[in-house]
Amino acid sequence: MKHEFQSFYLDSPLTKGRIFDLFLPEETTRDTALFFVHGGGWAGGTRTEYHGIMEHCNELGYICASTDYRLPGGMRFADAPGITAFDQLRDIRESYDRFVSILKEKKRPLKIGVFGTSAGAHLASLLLCAAPGECGESCSLRNEWVKPACGFLQSTPATFEPWENIFPHIWQAMQLYAAGCRYESNPEAFRALSLDRYIRADNPRLFFMEAENEHMFPSAMTREIVRRHNEMNIPSEWKVYRDAEHGFFYSLDRAVQREAFEDILRFVEAGA
C-alpha cells in the first residue's frame, strides 16, 4: 500500500525540534489515528525512529504522526535558560494539536492513540493524563483540547520522585535534562513531572509495555497505576515482554517486537 509523507514545522521562522511527520495511508480504514513520541533520555532521539512502524501502520489503514521536540544539547545546571521537559511537553502538545487540526480537515474521527517509550513515554504519559498547562508548561493550541482515546507506554517512569536504588545514570538525566535542576533545589518541579500525580477517573485507558530486562524504571510502579485505574473502572493493562530490554520497541524485526505491535493493535481496536 502506498502512503503520503509530509513534515510540518510548528513555527515560522523554523525552530529545530518543533516538527512532526505525518504518514497518510492510501486508504484510511481505521477510526483511531496514532501519534508517536520518541525516547532518548530527554536529550536525544528522533521522530524518524518510528517511520518503519508508521509505514506498517499505514498498510493497515491507520493515519500516523511522529513528533520531535526540542533537545537541550550541551545544557548544564549552570546554563540558563535551557530546554527542559516542560518545554518538551509544550512541543509535543502543540504537535498533537496540529495533528488534531489535520484530522479535522480530513473529516476524520478525533480518536487518537498515543505511544511513547522511555523519556518519550514520560512525555506521552503527561500528554495523556494531565490537562494542557497543568504540569506548569505553557502551550499555544489552535483547537479545544482533544483528550487522547488511549495510550501505549513502554519503559515508563511513573514518578519523578527519587526511589530506592534508582539507576544513577537515569537519575542524572532526570535532573540534568528533564527537570533542569537538582532535586533538592526544587522538588516541586519533580512532583509536577510525575505521572502518578495525575492518575484520576478521567484518564484514558493505558497499556504499559514492560521489558523483562528493564533496568531504569521499576515496572512495579506502573503496575500500581494499572491497579488504581482498574479500581476506577478504567480498563488499563500491563504486560511484561520476555527477553526484551529497555526501549525495545523501535522496529518490527524481532518476535518480541511483533508481539508488542499485535498487542497495541488489539488494545486500539478494543475501544473502537
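Because the structure is a prediction, the values reported are computed rather than measured.

Trainee: Whenever I open this one, the pattern of salt bridges confuses me. Can you help?
Mentor: Taken as a whole, this structure holds 23 salt bridges when the rule is applied. In this structure, Asp11 and Arg18 form a salt bridge, with 2.6 Å as the shortest nitrogen-oxygen distance. Taking relative accessible area as the criterion, Arg18 reaches 4% and is therefore assigned buried. Of the charged contacts in the structure, one is a salt bridge between Arg93 and Glu137, with a shortest N-O distance of 2.7 Å. With Arg93 in helix 2 (residues 85-105) and Glu137 in the loop between helix 3 (119-129) and strand 6 (150-154), the pair connects residues that are 44 residues apart, well separated along the chain. As far as the burial class goes, Arg93 and Glu137 line up, both buried. Taken together, the shared-partner salt bridges connect Asp11, Arg18, Arg70, Arg90, Asp91 and Glu94 into one network.

Trainee: Honestly, the nonpolar core in this entry has me stumped. Any pointers?
Mentor: Counting residues in each nonpolar core, the largest one holds 61 residues, and the members touching the most others are Phe35, Trp42, Phe99, Val114 and Met174. Examining the composition of this core, we find that 9 residues originate from one element, helix 2, more than from any other.

Trainee: Just checking my understanding: could you explain the sheet that holds strand 4 (residues 64-67) for this structure?
Mentor: Note: strands within a sheet are paired through backbone hydrogen bonds, in either parallel or antiparallel orientation. On the basis of which strands lie adjacent, the open sheet formed by 8 strands has the order 1-2-4-3-5-6-7-8 and mixed pairing. Edge positions in the sheet fall to strand 1 (3-9) and strand 8 (237-245), since each has one partner strand and no second. Strand-to-strand twist across the sheet, computed as the mean angle between neighbouring axes with direction ignored, equals 20 degrees. Here strand 3 (residues 32-37) runs beside strand 5 (residues 111-117); their pairing, made up of 6 bridges, is parallel. By the bridge assignment, Leu34 is partnered in strand 5 with Gly113. Relative to strand 3, helix 2 is tilted by about 155 degrees, and along the sheet it contacts strand 1, strand 2 (19-25), strand 3, strand 4 and strand 5.

Trainee: What is the right way to look at the pairing of strand 6 in this model?
Mentor: The side chains of a regular strand alternate, residue by residue, between the two faces of the sheet. Along strand 6, 5 of the 5 residues are buried, which leaves the element largely enclosed by surrounding structure. Pairing analysis gives 5 bridges linking strand 5 to strand 6, with the strands arranged parallel. Across the sheet, Gly116 pairs through a bridge with Leu153, a residue of strand 6. With helix 3 bridging strand 5 and the parallel strand 6, this β-α-β connection has right-handed handedness. One ladder, built from 5 bridges, connects strand 6 with strand 7 (residues 205-213); its direction is parallel. Across the sheet, Phe152 pairs through a bridge with Phe207, a residue of strand 7.

Trainee: Explanation requested: the side chain of Asn203 in the structure shown.
Mentor: Take Asn203: it is sitting in the loop between helix 5 (187-192) and strand 7. Accessibility expressed as a relative area gives 6% for Asn203, which makes it buried. Of the polar contacts made by the side chain of Asn203, one reaches the backbone oxygen of Tyr198; its length is 3.1 Å. Within the structure, the side chain of Asn203 is placed 2.9 Å from the side chain of His229, a separation counted as a polar contact. If we skip the residues at most four places from it in the chain, Asn203 touches Cys129, Tyr198, His229 and Ile234.

Definitions and limits used
- Residue indices follow the written sequence of each chain, beginning from 1 at its first position.
- Under the rules for a predicted model, residues below a pLDDT of 70 receive no local features and side-chain atom pairs below 80 are neither given nor counted, while totals for whole chains, interfaces and linings still include all residues.
- Side-chain calculation: all heavy atoms of the structure are included, whereas hydrogens and water are not.
- The working definition used for a salt bridge is a side-chain nitrogen of Lys or Arg within 4 Å of a carboxyl oxygen of Asp or Glu.
- Residue exposure (1.4 Å probe, protein chains only): buried if accessible area is under 20% of the type maximum, exposed if over 50%, otherwise partly exposed.
- Counting from the N terminus, the helices are DSSP H or I runs at least four residues long and the strands are E runs at least two residues long.
- Residue types Ala, Val, Leu, Ile, Met, Phe, Trp, Tyr and Cys, when buried and joined through side-chain atoms within 4.5 Å, form a set referred to as a nonpolar core.
- Only when DSSP finds a minimum of two bridges between them are two strands counted as paired.
- Angles here are taken between N-to-C directions and fall from 0 to 180 degrees, while the axes themselves are lines fitted to C-alpha atoms, restricted in helices to the stretch in contact.
- Note on contacts: a residue pair qualifies if any of its non-hydrogen atoms lie within 4.5 Å across the two residues.
- Call a crossover right-handed when, viewed with both strands pointing away from you, the route from the first strand across the helix to the second goes clockwise.
- In protein, a polar contact means a hydrogen-donor-capable atom and an acceptor-capable atom, both N or O and within 3.5 Å, with residues adjacent in sequence counting only if both atoms are side-chain atoms; elsewhere, any N or O pair within 3.5 Å suffices.

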